[in-house]
Amino acid sequence: MVFNTGAALLDAIVLAVVSKEEEGTYGYKITQDVRSVLEVSESTLYPVLRRLQKDECLETYDMAYAGRNRRYYKITEKGTAQLNLYRVEWKNYSTKISKLFEGGIEL
Amino acid sequence: MNRAQFMEQLKKLLSDISEEERQEALDYYESYFDDAGEDQEANVIRELGSPGKVAAIIKADLKDSSQDYGEYTEKGFEDERVRPEPEMMQKRGGRAERGYHAERKGGNAGVILALILLVFVSPLIKGAVGGILGVIVTLALLPFLIVFGIGAAVLVLFAVGITAFGAGIGACFSGSVGFGILGAGIGCIVLAVALAGLVFLIWTATRVLPMLLRKFVDFCSRLVNRNMKKEAGL
């Protein structure tokens, strides 16, 4: 992709992906889901998840799966609020850019 | 490299972060391999890149989110990461730091640019500022002229020294050994002087000139500031 994805946008995308799963989702699946919309390296997402978890936007719990423990990530209330903020910001940002590109904006 | 080797190396590379963070990261990647399935093992390793890269990204992020924003030296890491452009919404320490640097650089460049401009327009504003600037510019250029002169002298001395030495050696072979040795000796002395000159030249060019330039710039900016204040006062 020609456009860079800033840290905030990546946070927003991860929050959005996790929020889609009410019961929570796990690292590998999150990575695949994010990668279905955005080219990111697989190694990029762990720090993002870890940071969001520390910021209490995500919470984790372990559940047994196929004879081992799998860590699930779930969005918190704070995370939902943050995601909504990101949604609004993104809407403003992308609308302006789109208008500009499509010639509808007066400069 | 297989999964076990990958994890082993990652563990080693993460040995300098806290036990908690290390275990968390290792658990995550163990799970990641498990969830990807054995048949994807090679793919995952290829996609993740080297353990070094994975460790670097983890550490860079830990550093980023730690309380101490003071140091920001890993531009390389930033480049390696997939999100190198941090200009969007969040402000973090590293970013501010980088912005600050850029500003400072710009400031310096501005002063230098102004100085160059000053030299060029100095004849034009000569009348206005009473020729003071012209004199200052000439004075400022003087050290450069001196350095240039020393440089030329050193070059000549080198040439003379080498010629004398060569002629002396030549004379040795063509019979007059006494003159020959004398010539070669004088050549050596001249070369020594030239070398000393060269050392002096380098010292001047690297130490004295920048210092003079700094003083000159300071002086000029004080002068300009004062003039501007005066104008503002009027």
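Keep in mind that this is a model prediction, so the values were computed, not measured.

**Focus on the overall build of chain A**
A tally of regular secondary structure across chain A gives four helices and three strands. Taking the intrachain contacts of chain A between residues at least 6 apart in sequence as the baseline, contacts between residues at least 24 apart amount to 53%.

**Brief notes about the pairing of strand S2 (residues 58–65) of chain A**
All names here are of chain A. Relative to strand S3 (residues 68–75), S2 is paired through eight bridges, and the arrangement is antiparallel. Residue pairing for S3: Glu59 is matched across the bridge by Lys74. Joining the antiparallel neighbours S2 and S3 is a turn of two residues, in which Ala66 adopts a positive phi near 50°.

**Things to note about the confidence of the model for chain A**
The predicted model of chain A averages 90 in pLDDT, with 95% of residues at 70 or higher. Of all secondary-structure elements in chain A, the lowest mean pLDDT belongs to S2 of chain A, at 90, while helix H4 (residues 77–101) of chain A reaches the highest, 94.

**What to know about the packing of helix H1 (residues 7–19) of chain A against H4 of chain A**
All names here are of chain A. Direction vectors running N to C along H1 and H4 enclose 125°, while the axes themselves pass 9 Å from each other. With respect to H4, the element H1 is oriented oblique. Crossing of H1 over H4 shows left-handed handedness. From H1, Ala8, Ala12, Leu15, Ala16 and Ser19 reach across to H4, where they touch Gly79, Thr80, Gln82, Leu83, Tyr86 and Trp90.

**Considering the nonpolar core**
Residue and element names in this part refer to chain A. In this structure, Val14, Leu15, Val18, Ile30, Leu45 and Leu49 are the most contacted members of the largest nonpolar core, which totals 38 residues. Broken down by element, the residue count for this core peaks at ten residues, all from H1. Contacts of Ile30, omitting those with residues within four sequence positions, involve Val14, Val17, Val18, Thr25, Leu45, Leu49 and Tyr73.

**Quick notes on the sheet that holds strand S1 (residues 25–26) of chain A**
What the three strands build is an open sheet, ordered S1-S3-S2 (chain A); its pairing is antiparallel. Taken across any chain shown, the strands that pair with only one partner, and hence form the sheet edges, are S1 and S2 of chain A.

**Side note on helix H3 (residues 45–54) of chain A**
Residues and elements named next belong to chain A. Burial analysis of H3 places seven of its ten residues in the buried class, the great majority of the element. Considered for burial, the residues of H3 that qualify are Leu45, Tyr46, Pro47, Val48, Leu49, Arg50 and Leu52. Directly after H3, the chain includes Glu56, whose backbone phi takes a positive value near 65°.

**Quick notes on the environment of Phe158 of chain B**
Residue and element names in this part refer to chain B. Relative to the helices and strands, Phe158 is located in helix H7 (residues 132–173). Separated by 34 residues in the primary sequence, Phe158 and Ala192 have C-alpha atoms spaced 8.8 Å apart. If near-sequence neighbours (up to four positions away) are discounted, Phe158 is found in contact with Leu191 and Ala194.

The rules behind these values
Residues numbered from 1 in each chain as written. Chains lettered and ligands numbered in written order. Predicted model: local features only at pLDDT ≥ 70, side-chain atom pairs only at ≥ 80, totals over all residues. Helix = DSSP H or I, 4+ residues; strand = E, 2+ residues; numbered from the N terminus. Contact = placed C-beta atoms within 7 Å. Pairing = 2+ DSSP bridges. pLDDT = per-residue confidence, 0-100. Axes fitted to C-alpha atoms, helices over the stretch in contact; angles between N-to-C directions. Parallel < 35°, antiparallel > 145°, perpendicular 65-115°, else oblique. Left-handed = near helix turned anticlockwise from the far one by under 90°. Core = buried A, V, L, I, M, F, W, Y, C linked by C-beta atoms within 7 Å. Buried ≥ 20, exposed ≤ 12 C-beta atoms within 10 Å, placed from the backbone.

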